[in-house]
Structures are given as structure tokens and as C-alpha cells.
Amino acid sequence: MKRDASSPLAYRNDVDGEQSEMLETIRNAILSVAPDTAEIIEHGMLGYPGLANLAAQKHFVALYVMPAVLAEHRERFSGADCGKSCLRFRRPDQINPQRLRVLLRDVLEARRNA
């Protein structure tokens, strides 16, 4: 579900209920790892250049990261549906902010070493 938001704030304001809670939990993990990163609209979702993309879809919230790094962390997110480059969360209790921060730090490290 692509949203036609003109700004990150408009995007976040367009999401409600549990999805809003999940989006904010993941967003807070991103910003805690990379507080100086820009937050933009990219491909109809929230974008954090060089780090991740975040999208509220119809039935889940998805975090998109580097496939190679996600492959190393896949087993740590057993409650989430895991694709090649994304984690899909359907419920707030599936999100572990501490594990997300470790994943995101590893993404940053991989980008630095690329």
C-alpha cells in the first residue's frame, strides 16, 4: 500500500492504530542508532538514506534493510515474517527494539565497509 504523503510527518499522521505504534517503535530504533540521519519520503515510504526504509502496509509494517545483513539476523526475528530484504511485523509484540538496534548498527557498519 503506497501512501501519497508529501512529508515524513504527513506519512506518520496517515497511519493509525497498532500500525502507528509499530511504526513509531521501529522509527525510534532507527533514530536511536542514527540520530543524524535524514528522514525522507522515498518510494512511497519513510526513507533513512544509507540505512533503511520503513512502510506501513495494509496488514503489516515493513522494515527494509540490506539483504546480506538481514540474512545474518533473520533467526533473531522469529516472530516476524522475513523476506529477502525486509522484516514484516503484524503485531506490536513481534517487535524487539533491542534486536532492531543491533541489526541497524550492523547495516551501518556494512555500509561503512562497502
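Residues numbered from 1 in each chain as written. Predicted model: local features only at pLDDT ≥ 70, side-chain atom pairs only at ≥ 80, totals over all residues. Heavy atoms only, no water.

## Concerning the nonpolar core
One finds Y11, I26, I30, L51, F89 and L100 to be the most contacted residues of the largest nonpolar core, which totals 34 residues. At the level of elements, α2 (17–33), β2 (45–48), β3 (52–56), β4 (61–64), α3 (67–73), β6 (86–89) and α4 (97–113) are the ones that each hand at least two residues to this core. Per element, the largest residue contribution to this core is six residues, and it comes from α2. Ignoring anything within four residues of it in the chain, the contact list for L100 reads I26, A29, L63, F77, L87, F89 and I95. (Core = buried A, V, L, I, M, F, W, Y, C linked by side-chain atoms within 4.5 Å. Buried < 20%, exposed > 50% of the residue type's maximum accessible area, 1.4 Å probe, protein only. Helix = DSSP H or I, 4+ residues; strand = E, 2+ residues; numbered from the N terminus. Contact = heavy atoms within 4.5 Å.)

## Focus on unusual backbone geometry
Positive phi, close to 55°, is recorded for H43, a residue that is not glycine. In this structure H43 comes out as exposed when scored by relative accessible area, which is 61%.

## Observations regarding the environment of R88
For R88, the position within the fold is in strand β6. For R88, a relative accessible area of 21% corresponds to the partly exposed category. Along the backbone, R88 and A55 are 33 residues apart, and their C-alpha atoms lie at a distance of 9.4 Å. In this view, R88 contacts F60, V61, A62, A80, D81, C82 and G83; residues no more than four positions away in its chain are not counted.

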